[in-house]
Amino acid sequence: MHLFPSECVKLVHVIKLVIIENHLTISVESNKKKLHVHHEDAGSEAIFDLCDMDGRIRFTGKLDEEGKANIDVSALKKGQYQLFVINKGNIHKKLVQINPLV
């Protein structure tokens with residue numbers, strides 16, 4: 001699989017960055033070290049995994065009733081991560097570049 005720059009979300013001293021694709025909205029607030037996920041078409045069983053590039057799960061959880069999750073990324077090292085949202089048998093994947101502010 002080949003990835004293009006538009007498929008990466010970068011957290012580089014950004015106050016807020018939003019990416020919307022396939023009913024999936026990812027917004028980041030690097031000053032608060034938060035990653036916000038919202039899936040418009042999420043069912044009651046929708047879950048997420050935030051994994052490092054070696055496939056290790058760093059955060060996992062369920063989206064709430066509104067299809068939202070807020071993830072504190074302050075403990076993560078600088079680098080690229082994969083966000084998976086699993087919903088109704090579909091897997092949505094997005095690459096996220098995390099550069100926590102010091």
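Our subject is the structure listed above.
These remarks concern the structure in this document. (Residues numbered from 1 in each chain as written. Predicted model: local features only at pLDDT ≥ 70, side-chain atom pairs only at ≥ 80, totals over all residues. Heavy atoms only, no water.)

Secondary structure assignment for the protein yields zero helices and nine strands. Going from N to C terminus, the protein has its helices and strands arranged as β-β-β-β-β-β-β-β-β. Of all 102 residues assigned to the protein, the portion counted as buried reaches 40%. In the protein, 45% of the contacts between residues at least 6 apart in sequence involve partners at least 24 apart. Surface exposure of the protein reaches about 6300 Å², of which carbon and sulfur atoms provide 52%. (Helix = DSSP H or I, 4+ residues; strand = E, 2+ residues; numbered from the N terminus. Buried < 20%, exposed > 50% of the residue type's maximum accessible area, 1.4 Å probe, protein only. Contact = heavy atoms within 4.5 Å. Areas by Shrake-Rupley, 256 points an atom, 1.4 Å probe, with all protein chains shown as cover.)

In this section: the nonpolar core. Judged by nonpolar contacts, the single largest core of 18 residues is most densely connected at L35, V37 and L50. When near neighbours in sequence (up to four residues on either side) are disregarded, L35 contacts I26, S27, V28, L50, A69, N70, I71 and V73. (Core = buried A, V, L, I, M, F, W, Y, C linked by side-chain atoms within 4.5 Å.)

The next subject is the environment of I26. Among the secondary structure elements, I26 is positioned in strand β3 (residues 24-29). The buried category is assigned to I26, whose relative accessible area is 1%.

Not every positive phi belongs to a glycine, and K88 is a case in point at roughly 50°. Along the polypeptide, K88 turns up in the loop between β8 (79-87) and β9 (90-99).

All right, on to the pattern of salt bridges then. Here the structure, examined in full by the defined rule, presents four salt bridges. With its nearest N and O atoms 3.0 Å apart, the salt bridge here joins D52 to R56. Two residues, D54 and R56, come together in a salt bridge whose shortest N-O distance is 3.3 Å. Its relative accessible area of 44% is what places R56 among the partly exposed residues. Members of the salt-bridge network, linked through shared partners, are D52, D54, R56 and R58. (Salt bridge = Lys/Arg side-chain N within 4 Å of Asp/Glu carboxyl O.)

Moving on, we come to the pairing of strand β4 (residues 34-39). One ladder, built from six bridges, connects β3 with β4; its direction is antiparallel. Residue pairing for β4: I26 is matched across the bridge by V37. In the sheet, β4 pairs with strand β7 (residues 68-72) via five bridges, with the strands oriented antiparallel. Among the inter-strand pairings, H36 is bridged to a residue of β7, identified as N70. (Pairing = 2+ DSSP bridges.)

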